[in-house]
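Structural description and commentary
So you can see what is in the structure, the chains are spelled out below.
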Protein chains: 2
Amino acid sequence: MSLSEDSRYLKGGPVAQRIIAAVREDAAIAKAEGFPPKLISITVGDTAAVDVYVRNQRAKAQLAGIDFEERRFPAAITAGELEAAIHGLNADPRVTGIIIQRPVPVHIPIRTLQAAVHPLKDVEGMHPASIGNIVYNQLDLAPCTAAASVELLKETGLDLKGLEVVIVGHSEIVGKPIAFLLMSEGATVTVCHHMTRSVAAHARRADALFVAVGKPRLIKADMVKPGAAVIDIGINSEIGPDGSSRIVGDVDTESVREVASWITPVPGGVGPITVAILLRNTMVALSRQRALYEATYGTADRLAAE
Amino acid sequence: MSLSEDSRYLKGGPVAQRIIAAVREDAAIAKAEGFPPKLISITVGDTAAVDVYVRNQRAKAQLAGIDFEERRFPAAITAGELEAAIHGLNADPRVTGIIIQRPVPVHIPIRTLQAAVHPLKDVEGMHPASIGNIVYNQLDLAPCTAAASVELLKETGLDLKGLEVVIVGHSEIVGKPIAFLLMSEGATVTVCHHMTRSVAAHARRADALFVAVGKPRLIKADMVKPGAAVIDIGINSEIGPDGSSRIVGDVDTESVREVASWITPVPGGVGPITVAILLRNTMVALSRQRALYEATYGTADRLAAE
């Protein structure tokens, strides 16, 4: 049997469906108990670039039985006005989670907006407190793309304890959170980036290789350990010789699949799972909000819920 | 020249003195401007184990011109009462920072107490939001031991960009924060721990090796790359053949100093810097509090300060 026959694609679709089905069950129970989950999507200014994403989020939310409401703000809004709107949503018990669609106009500091979302409503997992909670091994609510990537690795069935993991790309919302998530699961993690002396030397010793740098076909077959799992998080638009454009990842899939035991297709790998994680995060947020509510107004010890 | 002659100890004392002198200048200016920095130390129950640390903190704070006040609570206090006391300190504009001395009695959940401290008063750098801010490259306020260890590495003058760093130990307040601090400085970081298949294999390729696991003499000379910098964060009590006890680190210093170019003594390496970082964190907290105050009550844009 050749290596290529032994290789297999890690497809995101079935994983996403499984997650959404579980969310659907949870959401139905929560709704029956009087706590219907609800997402608010915030877009600012020209939304043409994000409309396709928002439509997809809405469709998947409906599938899962989660209300989805869009709030569109004009490009001329000030950061202070937006922050006030977010504080209003934080205070509204009917709102479970808040999504800030990117990009926002350049005069709006996106990090400040993300930090304005109450950590209990941070379904995107981007608030500094959410990131810090992952470091403290509270792994159930993480940035969506990072959590989606880890879900795909788990699909391989590899034992994460002691697994040699190399992550190429050290962004705050992808590379670094993948690192903490996997450290907490017992993996030995190395994070490489544009200042790393030899990415290839690290990549070649990885049992699991994550790549999120936005460089088409950066990872070639000679940079991958035979039998490794390769999770490709890049999304790049490439113009072919005939002038047509196509989406490719950061991994040279055709050659790497001859070496790796598992590889994610792009598109169709991490992407589909990302929205499913957003919905799962919504249910985690709802359950934390309910725990706080019950601890505050019920008889339970308030501290125990926090 | 033998390697041992080329080796040198990275002593913490001079670094601590330099940091405290800088804090002293900042504190004097802040005081003259009407914002005297003040630390509150919280101890719960039997304090015999921590008294020596608290006395040291008080002495160093006095040296730096920072007020230091102790609040001692009885062992029978509830977590809720302690949390209420912390909320009172959060709301008191005269209090710059809050230190929760460990250990606390077993019925008090320490993580909950740490999370009750407002992030703007979190001079120990242990609040999840403080940890998350480091991940987001806001590096000026970090857990004291982690920041102290990074200060010592910087003393070597090694270029952190592209430096191969290996950290042995993945605790939330030492190993992991060192990892993010150094990732943000451009190092290529690997974090090892008790589930790592071969700590030695990783350690041997490190330009800088951090060890924080609490195992006396875990790191031997054959696990260290010639010319490396070795930062020993372990503090272990060892009983000698004559029955007397002494403090040793996680590194077998006598043998490793023949191989490494830099090595921290234990005691006298990271330890002395830790309290200096606590005081420096106090001034960072004060400056963030002032920025928020001015933005809220002054004319500046409130968002810009957050």
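Higher on the page you've got the structure.
Summary of the structure given here. (Residues numbered from 1 in each chain as written. Chains lettered and ligands numbered in written order. Predicted model: local features only at pLDDT ≥ 70, side-chain atom pairs only at ≥ 80, totals over all residues. Heavy atoms only, no water.)

1. Focus: the overall build of chain A
Across its full length, chain A carries 12 helices and 11 strands. Over its C-alpha atoms chain A spans a radius of gyration of 20 Å, differing by no more than 12% from the 19 Å that the globule rule assigns to 306 residues. When each of the 306 residues of chain A is scored for burial, the buried share is 54%. As displayed, chain A offers around 12,900 Å² of accessible surface, 56% of which is attributable to carbon and sulfur atoms. Between the centroid of the 31 positive side chains of chain A and the centroid of its 34 negative side chains there is a distance of 1 Å. (Helix = DSSP H or I, 4+ residues; strand = E, 2+ residues; numbered from the N terminus. Rg over C-alpha atoms; globule rule 2.2 N^0.38 Å. Buried < 20%, exposed > 50% of the residue type's maximum accessible area, 1.4 Å probe, protein only. Areas by Shrake-Rupley, 256 points an atom, 1.4 Å probe, with all protein chains shown as cover. Lys, Arg positive; Asp, Glu negative; His and termini not counted. Charge placed at Lys NZ, Arg CZ, Asp CG, Glu CD.)

2. Describing the interface of chain B and chain A
Interface size, as often reported, equals the accessible area lost upon joining of the parts. At the interface, 43 residues of chain B touch 44 residues of chain A. Counting each side, the surface lost to burial between chain B and chain A is near 3,800 Å², with a carbon and sulfur contribution of 58%. Here aspartate 207 of chain A and arginine 197 of chain B are joined by a salt bridge, their closest N and O atoms 2.8 Å apart. Every element with two or more residues in the side of chain B that touches chain A is listed here: helix H4 (79-90), helix H5 (110-116), helix H6 (128-135), helix H8 (175-184), strand S6 (188-192) and helix H12 (302-305) of chain B. Counting residues per element, the side of chain B that touches chain A draws most heavily on H6 of chain B, at six residues. Class assignment for the residues of the side of chain B that touches chain A results in 17 nonpolar, 15 polar and 11 charged. (Contact = heavy atoms within 4.5 Å. Buried area = accessible area lost by both parts, 1.4 Å probe. Salt bridge = Lys/Arg side-chain N within 4 Å of Asp/Glu carboxyl O. Nonpolar A, V, L, I, M, F, W, Y, C, P; charged D, E, K, R; others polar.)

3. A short note on the packing of aromatic side chains
Residues and elements named next belong to chain B. Applying the stated criterion across every chain yields a total of four aromatic pairs over all chains. Aromatic pair tyrosine 293 and tyrosine 297: ring centres 4.9 Å apart, planes at 50°, arrangement tilted. Of the two residues, tyrosine 293 and tyrosine 297 are both situated in helix H11 (residues 270-297); the distance of four residues between them amounts to about one turn of the helix. For tyrosine 297, a relative accessible area of 63% corresponds to the exposed category. Following the ring pairs from residue to residue traces out a cluster consisting of Phe35, Tyr293 and Tyr297. (Phe/Tyr/Trp six-rings, centres within 6.5 Å; stacked < 30°, edge-to-face > 60°.)

4. Notes on the sheet that holds strand S4 (residues 97-100) of chain A
Residue and element names in this part refer to chain A. What the three strands build is an open sheet, ordered S3-S2-S4; its pairing is parallel. The open sheet is flanked by strand S3 (67-73) and S4, the only strands paired with a single partner. Mean inter-strand twist for the sheet, computed between neighbouring axes without regard to direction, equals 20°. Both strand S2 (residues 38-44) and S3 contribute to a ladder of seven bridges, which runs parallel. Bridged to isoleucine 40 within S3 is glutamate 69. In the packing of helix H3 (residues 48-64) onto the sheet, contacts are made with S2, S3 and S4, and the angle to S3 comes to roughly 155°. (Pairing = 2+ DSSP bridges. Axes fitted to C-alpha atoms, helices over the stretch in contact; angles between N-to-C directions.)

5. Quick look at helix H7 (residues 144-155) of chain B
All names here are of chain B. When the terminal C-alpha atoms of H7 are compared, their 17 Å separation across 12 residues agrees well with the 16 Å that a helix rising 1.5 Å per residue should span. Counting buried residues along H7, nine of its 12 residues qualify, which places the element largely inside the surrounding structure. Buried residues in H7 make contact with helix H2 (12-32), H8, strand S7 (208-211), strand S8 (229-232) and H11. Residue glycine 157 follows H7 closely and has a positive phi angle near 80°. (Expected span 1.5 Å × (residues − 1).)

6. Some thoughts on the pairing of strand S10 (residues 245-248) of chain B
Summarising the sheet, strand S9 (residues 236-239) of chain B and S10 of chain B pair through four bridges and their orientation is antiparallel. Across the sheet, residue isoleucine 239 of chain B finds its bridge partner in S10 of chain B, namely serine 245 of chain B.

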